[in-house]
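Below are the chains, spelled out letter by letter.
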Amino acid sequence: MIKVRKIVIVGGVAGGATAAARLRRLSEEDHIVLFERGEYISFANCGLPYYIGGVIEERNKLLVQTADGMAKRFRIDVRTLSEVTAIHRDRKTVSVRNVKTGEEYEETYDILILSPGAKPIVPPIPGIEEAEALFTLRTVPDTDRIKAYIDEQTPRRAVVMGGGFIGVEMVENLVRHGIKVTLVERANQVMSPVDYEMAAMVHAHMREHGVELLLGDGVQALEERGRRVVLTSGRVLETDMVILAIGVQPESGLAKEAGLELGVRGTIKVNEHLQTSDPSIYAIGDAVEVRHYIHGFETFVPLAWPANRQGRLVADHIHGFDAKYSGTLGTSIAKVFELAVAATGLNEKTLRLLDLPYEAIHLHPLSHAGYYPHAAPMMFKLIFDRNSGRMYGAQAVGKEGVDKRIDVIATAIKGGLTVRDLPDLELAYAPPFSSAKDPVNMAGYVASNIMDGLVETVSWHEIDHIVAKGGVLVDVRTKEEIAQGMIPGSIHVSLDELRDRLHELPKEKDIYVICQAGLRGYIAVRILRQHGFRAINVDGGYRLYAVAKQ
C-alpha cells in the first residue's frame, strides 16, 4: 500500500510553484499544500519593470499561474494570503496566519519545503520612514503602487538608489515615461557581475540616454518626506520619487527561529540534496546558500534559474531520485536601453579576492558578418587559467548576439571544456546571424595563443604606468585612427610600415604594442618577436582603453 505523504510548501513563485507541479507529476497520491503570503503564487518578477515602463502592456501577462488554475490542474491545496509564522520541528507542524482575517492555526507536515525568497534591503537611512514616494520592487503589489504613482502624479524627477539589475532596469523604464532619472551607486560602477571596463560601456550608454550617474556616492539622508535626497558627498538632489534598489536579503527568519543552520549573509544552509540541517525540511530559491559551480565557495545568488532548477530537484529527491544541485554559475543578463549586459562564472574582482591567477582577454567582434547589414559591435571578455585552459568566466556587452555567446560559454563551462576546445565548437553560421569564425571561436584562438606562448599581454589599466616608467609603446594603427586619439607617450608606426622601421626600435627594451582592437597588435608582436624583440600586446587595444578611461 502506497503511503500518502503530506508535503507543505512555504512560498510560491519560481521555486515553490515549480516544486509543487513536479511533485504532483511524480505522485497523484501525496497531499500537497502550498502557502503563499501574497495574492499571487506564480508571477514573472523579472518582468515587473517592463510593465511599469509600458513595454508589457497587459498586467495579467505577468501572472504565470493563478491559484485557482494551479489548484485545478495539479490538485494542490493552494492557500494564498496565508503567512507561515513558525515551524514546530518537534511536532512537525507550522503555524499559519490568514493575512485577511487574522485567523491562526497549525498545519501538520511530513515533509516541509521552504521557498520564502528574498526581500529588498531597506537601510536605516534618516528620513526613510517618513518618505512618502519611496518604492521597492519585488512583488506585483509593489509594481501596482509604482505604476499608479507614475500614472496619477506624473513625476518629472526620480532618484534610483542602486545600480544592480532592478536599478538599471527601472532607470530605463522610468526614462520611457519621460522622467529625468539620477542613479546613485556607492560602488564605482553599475552591474557588479561584470568588471569595471565592461560596465564603462554601460555608463556611457546610459548617459547618452540622459541618465545622470552618480558613482562612488551614497545616500546619507532623506528630507522633506523623501523629496530631497542628501548624498554622502554633500550634494542634495530634488526629486519626486525614489526607487530603492540596493539589493536583496534572504527571507530566512522562519528558518532561523526554527533553529535551522544558517550560512553566508543569513541564507539557509542546505546540503547537495537541498536539505536543511533538519532532513525533513528542504529549502530552495533566493533564501538558500549555494556553492559556486567553479570554485565551490559558499555564496548567495538570487536568480530565477537556480530557483527553478532547485524546485524540480527537491521534488525528485523526495521521490527517491539521486538528485543533487551541482552549484550556481551565476549566468545573468540585463537589458539597459539598447544594450545587453551579460556574464557567467567568476569576474576579475572575485578572482583577485580568491587569490587565483588568471588571464583575461577582450575582443571586439561584430554580432554577425560585417558585410551583412546592421552588424552590431560587442565587447567580449573571457577569463581563464593559462596553465590548464580552464574557463573561469565570460562577460559581454553589445546590442545584439550577447546572449548567444554567453550561453555558449556557460554551457562549455558546465561541459568541462577548456579554451582549447572553443575553436572546435561548430556553431550555427549564416551572414545574418554570425561569422564563419564566431566570437566564441575567436576567443578560443586568442586564449590558445597565450597558452602556447605566441603572445604575451598587458591590461588596459597597466599601460599608463608602464609608459610613465619609460616603457616603449608602439601604436600600429593608421594615421586616421591616431587622429581620433592615442595614449600619451606612444610612438606611431603603422603595422604596414613596421618591418621597414624596425631599426628605429630599441632591442634592449620591451616593446609594448597597441592597435584598435587587438588583432593588429598581435600581428605586430609576431613580427617583432621573430626579429629579436621582446614584444607584448595591449589586450583589447585602444578601443578598450578609451572606453575604460573615459
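1. Some points on the packing of aromatic side chains
All told, the structure shown has three aromatic pairs when counted by the stated rule. The ring of Y293 has K414 lying over it, and the distance from NZ or CZ to the ring centre is 4.8 Å. Of note, K507 hangs over the ring of F533, and the distance from its end group to the ring centre comes to 5.3 Å.

2. What to know about the pairing of strand β12 (residues 157-161)
It is a general feature of regular strands that their side chains alternate between the two faces of the sheet. Burial within β12 is extensive, with four of its five residues counted as buried. Handedness of the crossover joining β12 and strand β13 (residues 180-185) through helix α5 (residues 165-175): right-handed. Sheet topology note: the β12/strand β18 (residues 241-244) ladder contains four bridges and is parallel. For V159, the partnering residue across the bridge sits in β18 and is V242.

3. Quick notes on the pattern of salt bridges
Using the criterion set out here, one finds 42 salt bridges in the structure. In this structure, the salt-bridge partner of E289 is K269, at a minimum N-O distance of 2.6 Å. With E289 in the loop between β20 (281-283) and β21 (290-291) and K269 in the loop between α7 (253-257) and β20, this pair connects stretches of sequence that are 20 residues apart. A salt bridge links E298 to R291, with the shortest nitrogen-to-oxygen separation between them at 3.0 Å. With relative accessibility at 48%, the residue R291 sits in the partly exposed group. Through salt bridges with shared partners, a single network forms among D195, E197, E348, K349, R352 and K381.

4. Quick word on the nonpolar core
Counting residues in each nonpolar core, the largest one holds 50 residues, and the members touching the most others are F380, L382, I409, L498 and L528. When residues of this core are assigned to their parent elements, the largest contribution, seven residues, is made by helix α10 (residues 402-414). Formed by 49 residues, the second largest nonpolar core is a distinct cluster that contains I9, F35, V94 and V288.

5. Section: the sheet that holds strand β17 (residues 236-238)
Here three strands make up an open sheet; going across it, the order is β15-β16-β17 and the pairing antiparallel. Pairing within the sheet leaves two strands with one partner each, and these edge strands are β15 (219-223) and β17. Here the average twist between neighbouring strands, direction ignored, is 20°. Two strands pair when backbone bridges link them, and β15 and strand β16 (residues 228-231) are joined in this way by four bridges, in the antiparallel orientation. Along β16, the bridge assignment pairs L222 with V229.

The rules we used
Residues numbered from 1 in each chain as written. Predicted model: local features only at pLDDT ≥ 70, side-chain atom pairs only at ≥ 80, totals over all residues. Heavy atoms only, no water. Phe/Tyr/Trp six-rings, centres within 6.5 Å; stacked < 30°, edge-to-face > 60°. Lys NZ or Arg CZ within 6 Å of the ring centre and 35° of its normal. Buried < 20%, exposed > 50% of the residue type's maximum accessible area, 1.4 Å probe, protein only. Helix = DSSP H or I, 4+ residues; strand = E, 2+ residues; numbered from the N terminus. Right-handed = clockwise from strand over helix to strand, strands pointing away. Pairing = 2+ DSSP bridges. Salt bridge = Lys/Arg side-chain N within 4 Å of Asp/Glu carboxyl O. Core = buried A, V, L, I, M, F, W, Y, C linked by side-chain atoms within 4.5 Å. Axes fitted to C-alpha atoms, helices over the stretch in contact; angles between N-to-C directions.

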